[in-house]
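Next come the chains, spelled out residue by residue.
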Amino acid sequence: SKGKFSGGFDITQLKLRTEGKPAPNVADFNAVLNALVEAGPKPTVAAIENLALGGGLELAMACNARVCTPKAQLGLPELQLGVIPGFGGTQRLPRLVGLPKALEMIMKSKSVKAEEALKLGLVDQVVPAQSLLAAAMALAGDIAAKRAPRVMAFYRSDKIPDDESSKRIIAGARRQAKRVKSVMPHPWLCLDAIEAGLMKGAEEGLKVERVSFDKAVSSAACKGLVHFFFASRQTATVPGVTDVGLTPRKTATVGVVGGGLMGSGIATACVMNGVAVVLKEINQKFLDAGMGRVRANLASAVKKGRLTQARADAMFALCRPALTYDDFGKVDMAIEAVIENVELKQKIFADLEAACRPDAILSTNTSTIDITKCAAKMRAPERIVGAHFFSPAHVMQLFEIIRTEHTPPQVLCDTLGLSKQIKKTPVVVGNCTGFAVNRVFFPYTMSACLLLDLGCDPYAVDGAIKMFGMPMGPFRLNDLVGTDIGVHVGKNFVEDFPDRVYESKIIPSLMEANRLGEKSGAGFYAFDAKRRASPDPEGIAPFLAASRAAAAHTLRSSQGPLPAMTQNDIVEMIFFPVVNEACRCLAEGVVVKAGDLDAAAVLGMGFPAFRGGVVHWGDQVGARRIAARLREWSTRYGGIYNPCPYLEDCAVQNRKLADGPIPGPDRSKL
């Protein structure tokens, strides 16, 4: 269908189940596969064009043979959605490719291409697309005439190890699954089904698979992952832009001003997806360094096997160096990516307006500055749009598109089109301090610092946040980003939101001592020559003591010992104010919908996908609990914890945060 064998089970049906809504009962489908497809009166051969994923591959494996095209991709990615293969995949795949490879494909959601599938025995033939149907029909005829064996994967055992070996291999996989079992039970449940089939036969394995699937689909992790799946695919739907008949103009060439880490990353993201780049710098030394970074980014992809050297060379050839704006008359979009200096940005945009075509999009990659300030010296300031990439820009998937009240819909449509060209997930946001991600997460580090000033151990805080599912804790993140960057960004929020910030002395004092994190060799952690982190309690002790002494005058509850805090207490005290700020963004119309904030939090800050995003997680906890705890903390520690009116409304009315404010006067920042 449309050039694909099958991309898998209809995930909208899975979404219905996670939301507790009626969904079609497909429990009998396995009986159909077993009785008719695999062991029916006529042999079956799957003709696989391109994709056979999830339920599509499970259907193909139930056939007696499989023929695919050279570009075919086969896999069982169900664990990415918090469930397990539910149509016999846990039983047939180990019997077709062997247990170790099956575990790799299922547990890591790793697909294989046609050539590997043929070597593994997952497919029987690889043929050109134009010959696919004829080859499959010929093979079916051979099986019917008994010139070729009729294979039923369900009953094969030739690739299954002996019981002791199987138990040893499964035990190894369980060690990995056990680490996440409390929050993500589906890997463990999947192993239950696989092991049952190996030890007790495929029939019994199929029964366990069905029970395990039902348990997985009712888990919080499945609800979160399915929610994130849909939220991340709906961010490009923007009322007034994508529903008014506009067509995005193709971006053939992008001009990037600034070849630093961010500018070179943006240039890399473009050339890797066939978009030509003019990379401008202010002198030859900086320009050579910028071009070198682009080359190094591509070389890294070659080293990891993601690109051939020939492809990397062709991509690099798309990036042209420039010391002037002479070639900017040809660009479809210009992206400014220089340091966060308003005067410098204003000069650049005045120059860009003069150098670029009138229909070219002019954008800034600023992460903190009001974009209208950047456009202050332009003749047509409405042309400017925010194009905020996350570092490293060629790796991170999120792309914040910031609009003002005057941004033309066509400009947004074209910028959304670029996001699709370079394979980014766009989120359209209003023009405010921090935009979406940085604004929602500004209380994250501030609240963590407040905990430090109250007496918490920074490494215990980081440990609790990592156990919650974040890639790292706030203090390790500070060291990765740079203490100086944290201080600079934090000032914007202190200036613009003075009533709801917490100003700790700890991070500024580390900056003054040149403990900048990884780049200086020390911050909250100490770093070796390979930038590996280790706790440094002795090194930060004097800074902690000084910060706590200063905070004793402002924290009204700092008298006496800090009550013992559990990991959950730490998580709530750090993330509840994040949810609170997300509620403010929803109330102000900073984003189109709650799902946009959820997708942005996962893709931009590493919020655990299995928790669905900050708003989804907030709804799982409940507005009443969050508002009550925030009120309690705000009386002790100040405005950073003061619950916003929208959160309070949801708590009183027992409404979901994701529902958004009840329509009233237009307060939209969009």
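Everything numeric here is computed off the predicted structure, so don't read it as measured data.

The rules behind the values
- Residues numbered from 1 in each chain as written.
- Predicted model: local features only at pLDDT ≥ 70, side-chain atom pairs only at ≥ 80, totals over all residues.
- Heavy atoms only, no water.
- Helix = DSSP H or I, 4+ residues; strand = E, 2+ residues; numbered from the N terminus.
- Rg over C-alpha atoms; globule rule 2.2 N^0.38 Å.
- Buried < 20%, exposed > 50% of the residue type's maximum accessible area, 1.4 Å probe, protein only.
- Contact = heavy atoms within 4.5 Å.
- Areas by Shrake-Rupley, 256 points an atom, 1.4 Å probe, with all protein chains shown as cover.
- Lys, Arg positive; Asp, Glu negative; His and termini not counted.
- Charge placed at Lys NZ, Arg CZ, Asp CG, Glu CD.
- Polar contact = N/O pair within 3.5 Å; in protein donor to acceptor, adjacent residues only side chain to side chain.
- Phe/Tyr/Trp six-rings, centres within 6.5 Å; stacked < 30°, edge-to-face > 60°.
- Core = buried A, V, L, I, M, F, W, Y, C linked by side-chain atoms within 4.5 Å.
- Patch = residues over 30% accessible without salt bridge, like charges linked within 9 Å, V, L, I, M, F, W, Y side chains within 5 Å.
- Salt bridge = Lys/Arg side-chain N within 4 Å of Asp/Glu carboxyl O.
- Pairing = 2+ DSSP bridges.
- Right-handed = clockwise from strand over helix to strand, strands pointing away.

Student: Which residues make up the overall build of the chain, and what values go with them?
Tutor: Looking only at helices and strands, the chain features 29 helices and 16 strands. Against the globule reference of 26 Å for 670 residues, the chain gives a C-alpha radius of gyration of 28 Å, in line with a compact fold. Overall, the C-alpha framework of the chain stretches about 85 × 65 × 55 Å when taken along its three principal axes. Relative to its 670 residues, the chain shows a buried fraction of 53%. When contacts within the chain are restricted to residue pairs at least 6 apart in sequence, long-range pairs at least 24 apart make up 72% of them. With the model as given, the accessible surface of the chain reaches about 29400 Å², and the carbon-plus-sulfur share is 55%. In the chain, 81 positive and 66 negative side-chain charges are present, and the distance between their average locations comes to 4 Å.

Student: Requested: an account of the side chain of arginine 500, with residues and values cited.
Tutor: The topology assignment puts arginine 500 in the loop between helix H22 (483-496) and helix H23 (506-512). Separated by 2.8 Å, the side chains of arginine 500 and glutamate 581 make a polar contact. In this view, arginine 500 contacts Arg439, Phe442, Glu581, Arg584, Gly639 and Ile640; residues no more than four positions away in its chain are not counted.

Student: Could you give an account of helix H12 (residues 261-271), with specific residues and numbers?
Tutor: Most of H12 sits inside the fold, with nine of its 11 residues counted as buried. Residues of H12 that are buried: Gly263, Ser264, Gly265, Ile266, Ala267, Thr268, Ala269, Cys270 and Val271.

Student: Could you give an account of the packing of aromatic side chains, naming the residues involved and the relevant values?
Tutor: Between two aromatic rings, the relevant description is the distance of the centres plus the angle of the planes. As enumerated under the stated definition, the model contains 23 aromatic pairs in all. Centroid distance phenylalanine 389 to phenylalanine 399: 4.5 Å. Interplanar angle 35 degrees. Geometry classified as tilted. One end of the pair, phenylalanine 389, is in strand S12 (residues 384-389); the other, phenylalanine 399, is in strand S13 (residues 398-403), with 10 residues separating them in the sequence. Here phenylalanine 389 matches phenylalanine 399 in class, with each residue buried. Consider the rings of phenylalanine 468 and phenylalanine 607, whose centres lie 5.7 Å apart with planes at 70 degrees: the pair is edge-to-face. Note that phenylalanine 468 is positioned in helix H20 (residues 458-468) and phenylalanine 607 in the loop between helix H26 (594-605) and helix H27 (614-621), a separation of 139 residues in sequence. The same class applies to phenylalanine 468 and to phenylalanine 607, which are both buried. Members of the aromatic cluster, connected to one another through ring pairs, are Phe441, Tyr444, Phe468, Phe575, Phe576, Phe607, Trp617, Trp633, Tyr637 and Tyr641.

Student: Which residues make up the nonpolar core, and what values go with them?
Tutor: Within soluble globular proteins, side chains that are nonpolar generally end up buried alongside one another. The biggest cluster of nonpolar side chains holds 105 residues, and the ones touching the most others in it are Leu352, Phe441, Phe575 and Phe607. By residue number, the principal contributor to this core is helix H25 (residues 567-588), which donates 13 residues. If sequence neighbours within four positions are ignored, phenylalanine 575 has contacts with Phe441, Tyr444, Ile465, Phe468, Met470, Phe607 and Trp617. Grouped together as the second largest cluster of nonpolar side chains are 50 residues, Leu96, Leu122, Ala177 and Val217 included.

Student: Give a description of a nonpolar patch on the surface that names residues and reports values.
Tutor: On the surface, Phe9, Val26, Phe29, Val32 and Leu36 cluster together to form a nonpolar patch covering roughly 390 Å² of accessible area. Note on placement: leucine 36 falls in helix H2 (residues 29-38).

Student: Can you lay out the pairing of strand S11 (residues 361-364) for me, pointing to particular residues and giving the numbers?
Tutor: What you see with S11 is no split at all: Ile361 and Ser363 on one side and Leu362 and Thr364 on the other are buried throughout. Alignment of strand S10 (residues 333-336) against S11, held across four bridges, turns out to be parallel. Across the sheet, the residue bridging to isoleucine 335 is serine 363, located in S11. Since S10 and S11 lie parallel, the crossover through helix H15 (residues 342-355) that links them has a hand, and here it is right-handed.

Student: Mind laying out the pattern of salt bridges, listing which residues take part and the relevant values?
Tutor: Applying the stated criterion to the full structure yields 33 salt bridges. The shortest N-O distance in the salt bridge between arginine 532 and aspartate 528 comes to 2.8 Å. For the salt bridge of glutamate 572 with arginine 629, the shortest nitrogen-to-oxygen distance reads 2.9 Å. Of this pair, glutamate 572 sits in helix H25 while arginine 629 sits in helix H28 (residues 623-637), placing them 57 residues apart in sequence. There is no split in this pair, since glutamate 572 and arginine 629 are both buried. Overlapping salt bridges bring together Arg439, Arg500, Glu581, Arg584 and Glu588 as one network.

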